[in-house]
Each structure stands twice: as structure tokens, then as C-alpha cells.
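Now for the letters of each chain:
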Amino acid sequence: MDIKRVKDYIYWLYFQYLLITCSYVLEPWERSMFHTITVTVFAMVVYTAYVFVPIHVRLAFEFFSQIFGGQPESMA
């Protein structure tokens, strides 16, 4: 792929982000604060999903396997 096309595509995505969030009307210092808060919230959501979703999926799997006739894990 051409480097210029990739650069143009990334610039287009950033421009779409500015249009969707209406942050293109903000002053530069407001825009930087908005981007900082947005990136921080997004990072917190990704981290929380990474840490807690597997735990809840495992617990749900154990719960439903016990309901639908699965063998208990601690059978001696």
C-alpha cells in the first residue's frame, strides 16, 4: 500500500472523528483537554473489559454448565 494513501486515510479518519464529536469548533486548548479526557475514558473502558470480562464469562459458563447438567469440577 502506498504511504501517502495510508497517511490520507488516517487524516480522513481523524477528520471524521472531529466532525462526529463536533470538536473542530473548540479552541485548541479545549480540543486538547477533550482529546485527553476521551482517550483516558477509552483506555479505562478497554482496561476494565480486559480485566473483568473474562472473569464474568468464566463464572457464567460455570453457572450454566451446572444448570444444564454438567459435572461438578470437584468430584473426587
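Residues numbered from 1 in each chain as written. Predicted model: local features only at pLDDT ≥ 70, side-chain atom pairs only at ≥ 80, totals over all residues. Heavy atoms only, no water.

**A look at the side chain of Ser23**
The condition is simple: Put simply, DSSP marks the helices as runs of H or I at least four residues long and the strands as runs of E at least two long, and each gets a number from the N terminus on. Pairs of N or O atoms within 3.5 Å make up the polar contacts considered here, provided that, within protein, one atom can donate a hydrogen while the other can accept it, and that residues adjacent in sequence are counted only when both atoms are side-chain atoms. When checking whether two residues touch, look at their non-hydrogen atoms; a contact exists if any pair is within 4.5 Å.
Here Ser23 shows up in the loop between α1 (3-21) and α2 (28-67). A polar side-chain atom of Ser23 sits 3.0 Å from a polar atom in the side chain of Thr21. In contact with Ser23, other than residues within four places in its own chain, are Leu18, Arg31, Phe34 and His35.

**Some remarks on α1**
Put simply, the rule reads: Take the residue count of a helix, subtract one, and multiply by 1.5 Å to get its expected span.
For α1, which comprises 19 residues, the first-to-last C-alpha distance of 27 Å matches the rise-based estimate of 27 Å (1.5 Å per residue) to within 8%. With its phi angle positive at about 60°, Cys22 sits one or two positions after the end of α1.

**Some thoughts on the side chain of His35**
Its location among the elements puts His35 in helix α2. Discounting chain neighbours no more than four positions away, the residues touching His35 are Tyr14, Tyr17, Leu18 and Ser23.

**Overview of the pattern of salt bridges**
The cut-off we apply is this: Think of a salt bridge as a Lys or Arg side-chain nitrogen and an Asp or Glu carboxyl oxygen that are within 4 Å of each other. Three labels apply to residues, based on accessible area from a 1.4 Å probe with only protein chains included: buried if under 20% of the type maximum, exposed if over 50%, partly exposed otherwise in between.
Considering all chains together, one arrives at 2 salt bridges under this definition. Lys4 is paired through a salt bridge with Asp8; the nearest N and O atoms lie 3.2 Å apart. Taken together, the residues Lys4 and Asp8, both in helix α1 and 4 residues apart, mark about one turn of the helix. Lys4 gets classed as exposed once you look at its relative accessible area, which sits at 55%. Measuring nitrogen to oxygen at the nearest pair gives 3.0 Å for the salt bridge that ties Glu62 to Arg58. A residue pair is termed a helical-turn pair when its members lie 3 or 4 positions apart in one helix, as Glu62 and Arg58 do in helix α2 at 4 residues. A relative accessible area of 25% places Glu62 in the partly exposed class. Judged by its relative accessible area of 45%, Arg58 falls in the partly exposed class.

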